[in-house]
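# Fold and contact review
As a plain string of letters, each chain reads:
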Amino acid sequence: MTRSADRPTDPAAVTVSLAAEAAVLEGRLGMLREAIDEVDAQIHAVSERIRRLPRSLAAGGDGESPSGEGSGTGLTPSPTGRP
């Protein structure tokens, strides 16, 4: 921000400008907090699914669920047997 040396700064205008900037930043902060909460919920959900996997799948063993299509968590084993 540049200003002319011959034009004095109006404190009221600066205050209004800074208040507007603060409002925009507070709005962005709120959006970021919501996004972080969503990611946190997704991490929790995936962690819970992993925790519920049969031990043989969670440990990377050769065990497979009876249907051969995962353990009801929505996760399916890779064709190579690796997680």
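As shown above, the structure is provided for reference.
Residues numbered from 1 in each chain as written. Predicted model: local features only at pLDDT ≥ 70, side-chain atom pairs only at ≥ 80, totals over all residues. Heavy atoms only, no water.

## Section: the overall build of the protein
Condition: A run of DSSP states H or I qualifies as a helix once it reaches four residues; a run of E qualifies as a strand once it reaches two. Both are numbered from the N-terminal end. In this scheme, a residue with accessible area under 20% of its type's maximum is buried, one over 50% is exposed, and one in between is partly exposed, where area comes from a 1.4 Å probe on protein chains only. Every accessible area reported is derived by Shrake-Rupley at a probe size of 1.4 Å, with residue values counting cover from the shown protein chains alone.
Each helix and strand counted, the protein has two helices and zero strands in total. Relative to its full complement of 83 residues, the protein shows a buried share of 6%. Accessible surface for the protein amounts to roughly 7300 Å². Of this, 58% is attributable to carbon and sulfur atoms.

## Focus: the pattern of salt bridges
Which entries qualify depends on this criterion: Criterion for a salt bridge: a side-chain nitrogen of Lys or Arg within 4 Å of a carboxyl oxygen of Asp or Glu.
Considering all chains together, one arrives at two salt bridges under this definition. Close ionic contact of Glu48 with Arg51 constitutes a salt bridge, the shortest N to O distance being 2.4 Å. Of this pair, Glu48 and Arg51 both sit in helix α1 (residues 11–52), separated by three residues, roughly a single helical turn. Residue Glu48 is classed as partly exposed on the basis of its relative accessible area of 22%.

## Looking at a negative patch on the surface
This is how it is decided: Only residues whose relative accessible area exceeds 30% and that form no salt bridge are eligible for patches; like-charged ones are grouped when within 9 Å, while nonpolar side chains (Val, Leu, Ile, Met, Phe, Trp, Tyr) are grouped when within 5 Å. Neither His nor the chain ends contribute to the count of charged residues, in which Lys and Arg are positive and Asp and Glu negative. By convention, charge coordinates are those of NZ in Lys, CZ in Arg, CG in Asp, or CD in Glu.
Among the surface-exposed residues, Glu34, Asp37, Glu38 and Asp40 lie close enough to one another that they form a single negatively charged patch. Structurally, Glu38 can be placed in helix α1.

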